[in-house]
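The residues making up each chain are set out below.
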Amino acid sequence: MKFAIRDDDTCYFTSPDALTRVYSDVWDRVPVGLATVPFAIGYERAGIPREHWHSGSAFPLEQNGDLVAALRELLERRRVTVALHGYTHQDFPRGFEFQAAPDPERRVREGRQYLRGLLRRDISVFVPPHNALSKRGLSAVAAAGLNILGSFLSFRPSMRPWDRATLANWWRVRRFRAATGRSKSDRFVYPHVLRYAGHAEFGCHSLVPATTLEELVAGFEEARRAGGDFCLATHYWEVGDAMKQVMLRLLDYAARYADVRFVAVEDLFAR
Ligand SMILES: [Zn+2]
């Protein structure tokens, strides 16, 4: 069984210390998949200075030289890997970036190129800002061949382009839902990679301030029973002492199983 960690929102506004504070005793155990924004535009959240919440200014990652140096070193030491997390992560009046931007295809292409050039690593995973993807946003990511880590699972035709694998995947998810006694409205994380014509998708378990260890253990055990894998997703900027304890205790819990392998998020998609 594979176990991975994804952390969102590394960008120009991130200090290397903020990552070290949360992960210095975690990334020796499991490499952290940093979902990174290449040209961050501010929005309302902790850790972004208030004057940039609505300024609309884009900040290239390279303008934070300390962070770029830290990322290169962490990549070299295999403590982190880097995924693409949107292009600007900006909120549009009519939706989140990969629901509402007029040019998601360009954003995927140029964002990936930019991170690859700056950090000297290829990028194979995409994390949608706010876990939100329109049909066109999903098509843009899929056409680029990037694998998607999310927490959503919509098969509505208005939300998803259909390819030759979609129907079989829909059936898999439906069987899992029925086998676990869930109704259509019950939330769950499907614990296997879903492969499509040119990309693959995997769902993550969120760690937010309200999440309990018991909930995560239940999700982990359900994935285990199904012969699946597990990915925890969080945001370094909201990880305080209580969330950190939940994370460490979940890692300890998973580590008790001899067959659990702590892997980079990219390895979740390996065959
Ligand atoms: Zn984000």
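Just above sits the structure.
Quick look at the structure, then. What you see is a predicted model, and the numbers here were worked out from it, not measured in a lab.

### Observations concerning the overall build of the chain
Part 1 of the reasoning: In terms of regular secondary structure, the chain is built from eight helices and twelve strands.
Part 2 of the reasoning: In terms of overall size, the chain behaves like a compact globule, its C-alpha atoms giving a radius of gyration of 18 Å where 271 residues would be expected to give roughly 18 Å.
Part 3 of the reasoning: Each of the three principal axes of the chain carries a C-alpha extent, and together these read 50 × 40 × 30 Å.
Part 4 of the reasoning: Burial statistics for the chain: of 271 residues in total, 55% are counted as buried.
Part 5 of the reasoning: On the chain, roughly 12500 Å² of surface is accessible, and the fraction owed to carbon and sulfur atoms is 49%.
Part 6 of the reasoning: For the chain, the distance from the average position of its 38 positive side-chain charges to the average position of its 32 negative side-chain charges is 7 Å.

### Topic: helix H6 (residues 166–179)
Part 1 of the reasoning: Its 14 residues give H6 an end-to-end C-alpha distance of 20 Å, which sits within 8% of 20 Å, the value for a rise of 1.5 Å per residue.
Part 2 of the reasoning: Of all the positions in H6, only Thr166, Asn169, Val173, Phe176 and Arg177 are classed as buried. One side of H6 carries all its buried residues, which in axial view fall inside an arc of 100°. Those residues of H6 that are exposed and aimed more than 90 degrees away from the buried face are Arg175, Ala178 and Ala179.
Part 3 of the reasoning: Looking at the buried positions of H6, the neighbouring elements they touch are strand E8 (194–195) and helix H7 (213–225).
Part 4 of the reasoning: Two residues or fewer past H6, glycine 181 is found with a positive phi of approximately 70°.

### Some thoughts on the pairing of strand E9 (residues 200–203)
Part 1 of the reasoning: Of the two faces of E9, both are covered, the one formed by Ala200 and Phe202 as well as the one formed by Glu201 and Gly203.
Part 2 of the reasoning: Alignment of strand E7 (residues 147–150) against E9, held across three bridges, turns out to be parallel. Across the sheet, residue isoleucine 148 finds its bridge partner in E9, namely glutamate 201.
Part 3 of the reasoning: Pairing of E8 with E9, which is carried by two bridges, proceeds in the antiparallel orientation. Each residue of the ladder has a partner; that of leucine 194, found in E9, is glutamate 201.
Part 4 of the reasoning: Hairpin connection between E8 and E9: a loop of four residues separates the two successive antiparallel strands.

### Regarding the pattern of salt bridges
Part 1 of the reasoning: Tallied over the full model, the rule gives 17 salt bridges.
Part 2 of the reasoning: In this structure, the salt-bridge partner of glutamate 201 is arginine 160, at a minimum N-O distance of 3.0 Å. With glutamate 201 in strand E9 and arginine 160 in the loop between E7 and H6, this residue pair connects regions lying 41 residues apart in the sequence.
Part 3 of the reasoning: The residue aspartate 259 makes a salt bridge to arginine 224 at a minimum N-O spacing of 3.0 Å.

Conventions we followed
- Residues numbered from 1 in each chain as written.
- Predicted model: local features only at pLDDT ≥ 70, side-chain atom pairs only at ≥ 80, totals over all residues.
- Heavy atoms only, no water.
- Helix = DSSP H or I, 4+ residues; strand = E, 2+ residues; numbered from the N terminus.
- Rg over C-alpha atoms; globule rule 2.2 N^0.38 Å.
- Buried < 20%, exposed > 50% of the residue type's maximum accessible area, 1.4 Å probe, protein only.
- Areas by Shrake-Rupley, 256 points an atom, 1.4 Å probe, with all protein chains shown as cover.
- Lys, Arg positive; Asp, Glu negative; His and termini not counted.
- Charge placed at Lys NZ, Arg CZ, Asp CG, Glu CD.
- Expected span 1.5 Å × (residues − 1).
- Arc of directions from axis to C-beta.
- Contact = heavy atoms within 4.5 Å.
- Pairing = 2+ DSSP bridges.
- Salt bridge = Lys/Arg side-chain N within 4 Å of Asp/Glu carboxyl O.

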